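# Coordinate inspection notes
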Amino acid sequence: TLAVFYVTKQGNSQGGFMANIIHIDDASADTAMMKDSQSAGHSVTSYNVPTGVEEKVAAARPNLILLDVVMPQRNGYDVLRALKRNAATKDIPVIL
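Cut-offs applied
- Residues numbered from 1 in each chain as written.
- Predicted model: local features only at pLDDT ≥ 70, side-chain atom pairs only at ≥ 80, totals over all residues.
- Heavy atoms only, no water.
- Helix = DSSP H or I, 4+ residues; strand = E, 2+ residues; numbered from the N terminus.
- Buried < 20%, exposed > 50% of the residue type's maximum accessible area, 1.4 Å probe, protein only.
- Areas by Shrake-Rupley, 256 points an atom, 1.4 Å probe, with all protein chains shown as cover.
- Polar contact = N/O pair within 3.5 Å; in protein donor to acceptor, adjacent residues only side chain to side chain.
- Arc of directions from axis to C-beta.
- Contact = heavy atoms within 4.5 Å.
- Core = buried A, V, L, I, M, F, W, Y, C linked by side-chain atoms within 4.5 Å.

### Here we look at the overall build of the protein chain
Counting its regular elements, the protein chain contains three helices and four strands. Starting at the N terminus and ending at the C terminus, the protein chain contains elements arranged as β-α-β-α-β-α-β. Residue burial in the protein chain is summarised as follows: out of 96 residues, 32% are buried. Just so you have it, the protein chain exposes about 5600 Å², and 53% of that area is on carbon and sulfur atoms.

### Here's the deal with the environment of Asn-63
With respect to the element layout, Asn-63 can be found in the loop between α2 (53-60) and β3 (64-67). Remark: the alpha-carbon pair of Asn-63 and Met-18, spanning 45 residues in sequence, is separated by 9.4 Å. Only 2.7 Å separates the side chain of Asn-63 from the backbone nitrogen of Asn-20, close enough to count as a polar contact.

### Thoughts on helix α3 (residues 76-85)
Residues Gly-76, Val-79, Ala-82 and Leu-83 constitute the buried set of α3. Looking straight down α3, one finds that the buried residues subtend no more than 125° of arc, so they occupy a single side. On its buried side, α3 packs onto α2 and β3. The residue sitting at the N-terminus of α3 and contributing the capping side-chain oxygen is Asn-75; that oxygen lies 2.9 Å from the backbone nitrogen of Tyr-77.

### Quick notes on the nonpolar core
Counting 10 residues, the largest nonpolar core is built from Ile-22, Ile-24, Val-53, Val-57, Ile-65, Leu-67, Met-71, Val-79, Leu-83 and Ile-92. Those elements that place two or more of their residues in this core are β1 (20-24), α2, β3 and α3. With sequence-adjacent residues up to four places away left out, Leu-83 is seen in contact with Glu-54, Val-57, Ile-65, Thr-89 and Lys-90. One finds Ala-19, Ile-21, Leu-64 and Leu-66 within the second-largest nonpolar core, a separate group that totals six residues.

Any functional reading would require information beyond the geometric quantities listed.
Given below as structure tokens:
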């Protein structure tokens, strides 16, 4: 999973917006890459197992979800369908 993103909204005292991002990916290299986004001022929470993430996403209400497609147990499309069926998570943008 390779993701490039730029969030433009007003928020913090420096005039930028600190995005709350959830990253769901079974690859540890991709998870490590996402940690670099935290140094850019974003809050990134990574999950490397797709089971049960719908409840975590609903509780966290992130600005963006970065979702891997090929994962063991459940693929990203199954997770995406579950997120879009849930009223609490259906409007959260997802990048596969």
